Amino acid sequence: MTIQQLEYILAVEKFRHFGQAADACFVTQPTLSAQISKLERELDILLFDRSKMPVIPTELGEKVILQAKRVVLESKGILELVAEMKGEIGGTIKVGIIPTLAPNLLPLFIGNFIEKYPNVLVEVQEMVTEEILSRLKNDELDLGLVVSPLQEDGIVEKPIFYEKFFVYLSKEHPLLNQKEIPVGDLPAEDLWVLQQGHCFRDQVLNLCDKNVFQRKNFHYESGSIEGLKNMVDRYTGITLLPELATENLSDEEKTRLRPFAGDPPVREISLIRTRNFLKQRLVNLLFEEIKAAIPPHMQSNKDGRLVNFKL
């Protein structure tokens with residue numbers, strides 16, 4: 001039994017297809033199939049039911065695959081441990097980040113990070129929180145940048161900063177006459193929100209009466225904050241913007257931005273990982289780089305009211 005054979009069965013379990021698994025492992029399909037068959041003979045069991053398409057693990061195969069994930073993860077940990085003891089900073093780190101955060105946060109730190117650590121490959125993917133959690137637990141991601149708290153079993157959260165919400169208004173909207181807007185004054189019928197699956201949507205709906213959230217003759221939900229902003233600019237209504245998203249507004253757009261009255265609603269941004277994560281040094285370096293790129297006033301929540309996005 002070899003680590004490579006275990007990696008092959010994990011690839012087949014992931015893709016449910018021998019050909020795609022072989023491509024992902026950069027070997028030919030006959031090579032991958034032969035190695036898996038060799039492992040099956042050694043264990044005297046069938047790991048996969050090849051009569052079905054897509055291929056599925058057998059009952060015993062599922063138990064072996066679960067253990068294989070642990071073994072492969074621990075084997076990678078040896079390499080990480082040795083590299084850390086040698087003082088080397090390198091390797092690959094896979095990061096998932098929610099779409100409402102990525103466009104405004106990544107440019108603040110990623111350039112400096114990869115310049116400082118040229119031997120580190122950073123792979124970043126945008127995805128919603130639920131997918132980040134799923135991929136973290138399946139060891140398909142190393143880290144996540146999400147809104148917290150999540151209070152998810154097996155997940156460690158490390159808060160980085162706090163982002164206030166601002167109200168962004170269409171031209172000639174009645175609320176433009178107010179310098180600050182009480183949360184209770186948000187007109188739900190005027191509000192543009194993200195589509196379901198985005199935690200930012202849930203946070204916004206928690207601030208207003210979601211029972212009356214419906215336009216009479218037109219309903220639109222976007223997958224991006226920029227899409228919502230465009231609807232406000234060209235049509236009518238309001239949307240909410242997180243603080244980092246307000247940094248690049250034009251002077252005219254900033255005249256249509258209003259803070260909330262009183263303690264403003266904020267969202268907590270955290271770096272998350274699994275409890276058995278091994279690349280601790282890379283985690284700390286990335287955390288510190290993000291922290292250094294964030295304005296100091298956003299690194300505490302003295303004047304804000306945390307909005308829980310779980311409805």
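Residues numbered from 1 in each chain as written. Predicted model: local features only at pLDDT ≥ 70, side-chain atom pairs only at ≥ 80, totals over all residues. Heavy atoms only, no water.

## Some remarks on the pairing of strand β6 (residues 155–169)
What counts is decided by this rule: Here the rule is simple: two strands pair whenever DSSP picks up at least two bridges between them. In this text, helices come from DSSP runs of H or I with a minimum length of four residues, and strands from runs of E with a minimum of two, each type numbered from the N-terminal end.
Strand direction decides the pairing type here: β6 and strand β11 (residues 265–274), joined by nine bridges, are antiparallel. From the neighbouring strand, E163 faces β11, where its bridge partner is R267. Here β6 runs beside strand β9 (residues 238–242); their pairing, made up of five bridges, is antiparallel. Directly across from L169, in β9, lies its bridge partner I238. Looking at chain direction, β6 and strand β10 (residues 257–258) are connected through two bridges and run antiparallel. Paired with Y168 across the strands is L257, a residue of β10.

## Comments concerning the pairing of β11
What counts, and what does not: For each residue, the accessible area found with a 1.4 Å probe, counting protein chains only, is set against the maximum for its type, and the residue is called buried under 20%, exposed over 50%, and partly exposed in between.
Within β11, 10 of the 10 residues are buried, leaving the element largely enclosed by the surrounding structure. Sheet topology note: the strand β5 (residues 143–148)/β11 ladder contains five bridges and is antiparallel. Among the inter-strand pairings, G144 is bridged to a residue of β11, identified as I272. With two bridges joining them, β11 and strand β12 (residues 305–306) adopt parallel strand pairing. Note that in β12 the partner of V266 across the bridge is L306.

## Some remarks on the confidence of the model for the chain
Basically, it comes down to this: Note on scores: pLDDT gives the predictor's confidence for each residue, bounded by 0 and 100.
On average, the chain scores 84 in pLDDT, and the residues at 70 or more come to 87%. When pLDDT is averaged over each helix and strand of the chain, the minimum, 58, is found for strand β8 (residues 221–222) and the maximum, 94, for helix α3 (residues 29–43).

## Describing the side chain of D142
For D142, the position within the fold is in the loop between α6 (129–137) and β5. Note on D142: relative accessible area 14%, which makes it buried.

## As for the pattern of salt bridges
Heads up, the condition is: Any Lys or Arg side-chain nitrogen found within 4 Å of a carboxyl oxygen on Asp or Glu counts as a salt bridge.
Evaluation of the coordinates by the stated rule reveals 11 salt bridges. The partner of R50 in a salt bridge is E40, with the nearest N and O atoms 2.9 Å apart. Linking R50 in the loop between β1 (48–49) and β2 (56–57) with E40 in helix α3, this pair joins segments that are 10 residues apart in sequence. E40 gets classed as buried once you look at its relative accessible area, which sits at 7%. One salt bridge connects E131 with R135, and the closest N-O pair in it is separated by 2.7 Å.

## Some details on the packing of aromatic side chains
So the rule is basically this: When two rings of Phe, Tyr or Trp (its six-membered ring) have centres within 6.5 Å they constitute a pair, described as stacked for plane angles under 30 degrees, edge-to-face for angles over 60, and tilted for the intermediate range. Ring-over charges, as used throughout, are those where CZ of Arg or NZ of Lys falls within 6 Å of the ring centre and within 35 degrees of the ring normal.
All chains considered together, the criterion is met by two aromatic pairs. Note that K158 overlies the ring of F287, its terminal NZ or CZ placed 4.2 Å from the centroid.

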